[in-house]
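Observations on the model geometry
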Amino acid sequence: MLSSEAEIETAEWTDGSDVTKKRKQDAVAGVHDHQNGVEAHFVAPATPAQLELNSDNQSSEQKDSGTEIAKCLGPCCNEETILYQTREEALLAQTVIIYGSGRNKRERSFQASCSKADGAFSIEGFSNWKKALEKFADHERCQAHKEACIKFNAIMKQKSVDEQLKLVAQKEQIERRQMFLTLLSSLRYLLRQGLAVRGHGDDSEGNLSQLLKARAEDSIALQKWIKTGSYQSPEVLNELTNTIGAEVLREVLNGIKSSRWFSIIGDETRDISNSEQLSISIRWVDKDYSIHEDFIGMFKVPKTDAETLSLAIEDVLVRCVLPISQCRGQAYDGASNMAGPKSGVAARILQRQPTAIPVHCLCHCINLCLQDVSRKCKCIRDALDLVYELVGLIKYSPKREHLFTQYQLQDSPNIHRLKPLCPTRWTCRTGSINAVIENYAVLQQTLEEIAETCRDEYGRKAAGFQAFMGKFSTFFGLKLAHVVFGASEQLSTTLQSKDTTAQDARLAVNLCKAFYDRQRDASAFQIFYQAVLLEANGKTEPPTLPRYSNPPKRINDGDANFRFATAEHYHRREYFEIMESLSGELDARFDQKGFHLAALVEATILDNCSGKSYPIPKEVQDLYSKDLNIDRLQTQLSMLPDLVKSYVLEGKQITK
């Protein structure tokens, strides 16, 4: 396109025909209008070979008036773009802008609406080419031309309806996407904190709705979006929750796969809907030797037999793309369906993968020891029942608890308050037993007051507890339970420490067992018994023998029944029975082949770290012969002390 009059003058106008001269004049006029804001475009002149007269297609009126239509055959005005316009229509054609194509084709006019507009430039068309420059100059100064320029500029700045609708749709998509991300972040926060998403019946009062409203105080767009209720239905929220859970599980599994080897932790439980569910977790170690225990999920099982549970575990491993060949450990409870030596879950998986060593949870072993001992010993069983019932009677009534607090403040305000028994963790019951022992006299006064003032079932219970607490055997059972549970609680605390090794665990178990063995001595019993007598003085009745009952004649063989001479002899038997039972239970529960192998591997590594060159035990070689190069491992173990020294010199921390 020619943009200046100088370019027009220097252009090649080789043809001397009238049509060529008129094209030159039109180009000059078009340049003037273009410079003054009128979009009157004229293309550069074509060569004579590209320009021809189309006289065959002229109408009779055009031939009579001498008007000729010039058609350019060049690429600028071919049939695919636009035909060259005649002079009479040249200016009029530029007052219309065409949008779209086909059915969406639209025209916009920017003609001036001024009444003084020259018809030659708006309606009839300009043809006075002799005075073209003068007329064009006058036209540039008129109001119609200025109005047309303003309209033209406004049209060029204004976007089409399609483009405006598209921009509005894009803006809405961006806003709704941002609001959707806000919803996801709020939902993720509630899930991370373990809070309920929806409310009871009315979702508008749920945690998610209230959290969004709180965040909407700083966002007007979020306020509008909340009113629409988009993506807040229970179905959508459940789907989003499942998606977030799947993404979290995917990230966890990627870390497990990168570590190559892992262990399984499983336990079955019954939920509130009375459905059996299997809980599965994976234990693994990352490249920094940090231990992770990641929960995989709860899986509903129709039965809790060993076959069903083992198949469920294998199915979970398949779905998580965790080969069972890379499993190196198992941890379950002591139930027969899980830890059975022949057909339990651990035995079934061990048949498929011999290196998946089963180890029973050590803390759970202590719980089982205490449960078995409590069932066998009547005095400890009665003591635990008394603590449970007393705490329930006092704590579950504000009136009775207030009465107990008043007596406690009068007697000794610095003693501990009552604590309920932990229903699952038996090793955490020492605090509850100790609170009852310290508040023994206060409890007796409180029970007496309740028995006298209350005429309902709680008054009768208080009278029965008061009579029971007046016996020496009750106080003796509480003190004996405190000794037994106190040592086991210390053992449980040691085993639950993050830095505890297998050797530390074995040492702690041996120390606890040694303590119980040391109590199996006549002098230890005398010390304990005399201390109980001294403390029970004034709180209980003197020690007495229990009432004896003759056995039925059908089972009586005629021999005289053994009877204790004194109450001390009777309590001596209870004392020694408990200590012997605890010692035997600890030996049975902690004598595990899997735990022995784990401790052996750990001892091999730690001993070589200290500079003691020990060969790899044969049990370890046979177990991990397919996983490790034994000769290369022996060489690396011999170099391990030097590696430890280099870490110490560099100031790096060495973890167990």
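Here the structure is a predicted model, which is why all the values come from computation and not from measurement.

Observations concerning the packing of aromatic side chains
- Counted according to the given criterion, the structure contains 12 aromatic pairs.
- Site record: aromatic cluster; members linked through ring pairs are Phe472, Phe476, Phe525, Phe528, Tyr529, Tyr575 and Phe576.
- Residue placement shows Arg400 over the ring face of Tyr458; its charged tip is 4.5 Å from the ring centre.

Things to note about the packing of helix H21 (residues 472–495) against helix H23 (residues 522–536)
- Where H21 meets H23, the closest approach of the two axes is 10 Å, and the angle between their N-to-C directions is 125°. If you check the angle between H21 and H23, you find them oblique. At the point where H21 passes H23, the crossing takes the right-handed sense. Counted together, Phe472, Phe475, Phe476, Lys479, Leu480 and Val483 of H21 and Phe528, Tyr529, Val532, Leu533, Glu535 and Ala536 of H23 form the full contact between these two elements.
- Tallied by class, the residues present in the contact of H21 with H23 amount to 10 nonpolar, no polar and 2 charged.

Comments concerning the nonpolar core
- In terms of nonpolar packing, the biggest core is built from 67 residues, with Ile380, Leu478, Leu480 and Ile578 touching the most fellow members.
- Of the residues forming this core, the biggest block, 11 residues, is contributed by H21.
- Setting aside anything within four residues of it in sequence, one finds Leu480 in contact with Cys379, Ile380, Phe528, Tyr575, Ile578 and Met579.
- Val252, Trp284, Val301 and Tyr332 belong to the second largest nonpolar core, which has 27 residues in total.

Here's the deal with the state of the cysteines
- Counting across every chain of the model gives 0 disulfides.
- For the unlinked cysteine Cys361, the closest cysteine sulfur is that of Cys363, found at 5.1 Å.
- Cys361 sits in the partly exposed class, given a relative accessible area of 38%.
- Unpaired in this structure, Cys512 has its nearest cysteine sulfur neighbour in Cys369, at a distance of 8.8 Å.

Some points on the packing of helix H22 (residues 502–519) against helix H24 (residues 567–590)
- Put simply, H22 and H24 touch, their axes get as near as 9 Å, and they point 160° apart. By the criterion of interaxial angle, the relationship of H22 to H24 is roughly antiparallel. Classified by chirality, the crossing of H24 by H22 is left-handed. Along the contact surface, H22 presents Val509, Cys512, Lys513, Tyr516, Asp517 and Gln519, while H24 presents Tyr575, Phe576, Met579, Leu582, Ser583, Leu586, Asp587 and Phe590.
- Looking at the contact of H22 with H24 residue by residue, the classes come out as 9 nonpolar, 2 polar and 3 charged.

A word on the confidence of the model for the protein chain
- Looking at the protein chain as a whole, its pLDDT mean stands at 77, while 77% of the residues score no less than 70.
- Taken together, the stretch residues 1–24 has pLDDT below 50 and engages in 43 contacts with residues farther than four places along the chain or on a different chain.

Quick look at the sheet that holds strand S8 (residues 327–331)
- Strand order in the open sheet made by the 5 strands is S7-S6-S5-S8-S9, with mixed pairing throughout. The outermost strands of the open sheet, each flanked by one partner alone, are strand S7 (291–300) and strand S9 (357–358).
- As paired elements, strand S6 (residues 276–285) and S7 share 9 bridges and run antiparallel to each other. Across the sheet, the residue bridging to Gln277 is Lys300, located in S7.
- Along the sheet face, helix H12 (residues 306–319) touches strand S5 (262–270), S6 and S7 and points at about 50° away from the line of S6.

Examining the pairing of S5
- Strand direction decides the pairing type here: S5 and S8, joined by 4 bridges, are parallel. Note on S8: the bridge partner recorded for Phe262 is Cys327.
- Between S5 and S6, which follow one another and run antiparallel, lie 5 residues, and Asn274 among them has a positive phi close to 65°.

Re the layout of surface pockets
- Looking at the second largest pocket, its volume works out to about 580 Å³.
- What lines the second largest pocket is a set of 24 residues, and nearest its centre among them are Pro358, Val359, Gln592, Lys593 and Gly594.
- If you list the elements that add at least two residues to the lining of the second largest pocket, you get S8, helix H14 (345–352), S9, H24 and helix H25 (593–609).
- Each residue belonging to the lining of the second largest pocket can be placed in one class, and the counts come to 14 nonpolar, 6 polar and 4 charged.

Thoughts on the side chain of Gln592
- Position of Gln592 relative to the elements: it lies in the loop between H24 and H25.
- A distance of 2.7 Å separates a polar atom in the side chain of Gln592 from the backbone nitrogen of His360.

So, the pairing of S6
- Counting buried positions along S6 yields 7 of 10 residues, so the element is predominantly enclosed.
- As judged from the 8 bridges shared by S5 and S6, these two strands associate in the antiparallel manner. Residue pairing across strands places Asp267 opposite Ser279, the latter belonging to S6.
- Hairpin connection, S6 to S7: the antiparallel pair is bridged by 5 residues, and Tyr289 has positive phi, about 65°.

Observations regarding helix H17 (residues 398–411)
- In this model H17 runs 20 Å from its N-terminal to its C-terminal C-alpha over 14 residues, within 8% of the 20 Å that 1.5 Å per residue would give.
- Every buried residue of H17 is accounted for by Arg400, Glu401, Phe404, Tyr407 and Gln408. Burial along H17 is one-sided: seen end-on, the buried residues are contained in an arc of 125°. Exposed positions of H17 whose direction lies more than 90 degrees from the buried face are Pro398, Lys399 and Gln410.
- The elements touched by buried residues of H17 are helix H16 (378–395), helix H19 (440–453) and helix H20 (457–469).

What about the pattern of salt bridges?
- Under the defined criterion, the tally for this structure stands at 21 salt bridges.
- Notably, a salt bridge pairs Glu314 with Arg352, separated by 3.0 Å at the nearest N-O pair. Here Glu314, found in helix H12, pairs with Arg352, found in helix H14; they are 38 residues apart in sequence, far enough to count as distant.
- Notably, a salt bridge pairs Asp517 with Arg520, separated by 3.4 Å at the nearest N-O pair.
- When its relative accessible area of 37% is taken as the criterion, Arg520 is described as partly exposed.
- Where salt bridges share partners, they join Asp372, Arg375, Lys376, Glu585 and Arg589 into one cluster.

Criteria and cut-off values
Residues numbered from 1 in each chain as written. Predicted model: local features only at pLDDT ≥ 70, side-chain atom pairs only at ≥ 80, totals over all residues. Heavy atoms only, no water. Phe/Tyr/Trp six-rings, centres within 6.5 Å; stacked < 30°, edge-to-face > 60°. Lys NZ or Arg CZ within 6 Å of the ring centre and 35° of its normal. Axes fitted to C-alpha atoms, helices over the stretch in contact; angles between N-to-C directions. Helix = DSSP H or I, 4+ residues; strand = E, 2+ residues; numbered from the N terminus. Parallel < 35°, antiparallel > 145°, perpendicular 65-115°, else oblique. Left-handed = near helix turned anticlockwise from the far one by under 90°. Contact = heavy atoms within 4.5 Å. Nonpolar A, V, L, I, M, F, W, Y, C, P; charged D, E, K, R; others polar. Core = buried A, V, L, I, M, F, W, Y, C linked by side-chain atoms within 4.5 Å. Buried < 20%, exposed > 50% of the residue type's maximum accessible area, 1.4 Å probe, protein only. Disulfide = S-S within 2.5 Å. pLDDT = per-residue confidence, 0-100. Pairing = 2+ DSSP bridges. 1 Å grid on protein atoms, 1.4 Å probe; cavity = no way out; pocket = protein on both sides within 12 Å on 5 of 7 lines; lining within 4 Å. Points joined across faces, edges and corners; volume = space filled by probe spheres on them. Polar contact = N/O pair within 3.5 Å; in protein donor to acceptor, adjacent residues only side chain to side chain. Expected span 1.5 Å × (residues − 1). Arc of directions from axis to C-beta. Salt bridge = Lys/Arg side-chain N within 4 Å of Asp/Glu carboxyl O.

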